[in-house]
Amino acid sequence: MNTWEENSKLVLVKLEDFEGDIKNLEKEVSNLKIEIAVHSQKMTTASGFWGAISGMIVAILTAIIINYVVKEQPRVIYKDDNKIELNKIK
């Protein structure tokens, strides 16, 4: 039969093993937190870059459209016999 002294030694050995496992898990969790922080920073930088690129594309397209509309000659909607352009009415 196992005595209490033998069982208590086994319990202490298991607790020490668990303590080592817990320390390893704490290290792994710490490493994961660092990796997540680095990944988050990379994603923030990348999203800022692509946001700037997409904003620039929209600005360029808007400038091109506005430039085209401004250069376009006004179209005559209707001319009467006296050649009065009705589209100049404000």
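Let me begin by describing the structure that accompanies this report. (Residues numbered from 1 in each chain as written. Predicted model: local features only at pLDDT ≥ 70, side-chain atom pairs only at ≥ 80, totals over all residues. Heavy atoms only, no water.)

Helix and strand counts for the chain stand at one helix and zero strands. Every one of the 90 residues in the chain was classed for burial, and the buried ones make up 0%. (Helix = DSSP H or I, 4+ residues; strand = E, 2+ residues; numbered from the N terminus. Buried < 20%, exposed > 50% of the residue type's maximum accessible area, 1.4 Å probe, protein only.)

Let us look at the packing of aromatic side chains. This structure, assessed with the given rule, holds one aromatic pair. Where Phe 49 meets Trp 50, the ring centres are 5.1 Å apart and the plane angle is 75 degrees; that geometry is what we call edge-to-face. Assessed through its relative accessible area of 46%, Phe 49 is described here as partly exposed. What makes Trp 50 exposed here is its relative accessible area of 56%. (Phe/Tyr/Trp six-rings, centres within 6.5 Å; stacked < 30°, edge-to-face > 60°.)

Opposite charge on two side chains permits pairing when their charged atoms draw close. Within the structure shown, the criterion is met by two salt bridges. Between Lys 9 and Glu 5 there is a salt bridge, with the nearest N and O atoms lying 3.9 Å from each other. Placement of both Lys 9 and Glu 5 in helix α1 (residues 4–71) is noted, with a separation of four residues, approximately one turn of the helix. On the accessibility criterion, Glu 5 (54% relative accessible area) is exposed. Residue Lys 23 is joined to Glu 19 by a salt bridge in which the shortest nitrogen-to-oxygen separation is 3.6 Å. Residue Lys 23 and its partner Glu 19 are both found in helix α1; the two are separated by four residues, about one turn of the helix. With relative accessibility at 47%, the residue Lys 23 sits in the partly exposed group. (Salt bridge = Lys/Arg side-chain N within 4 Å of Asp/Glu carboxyl O.)

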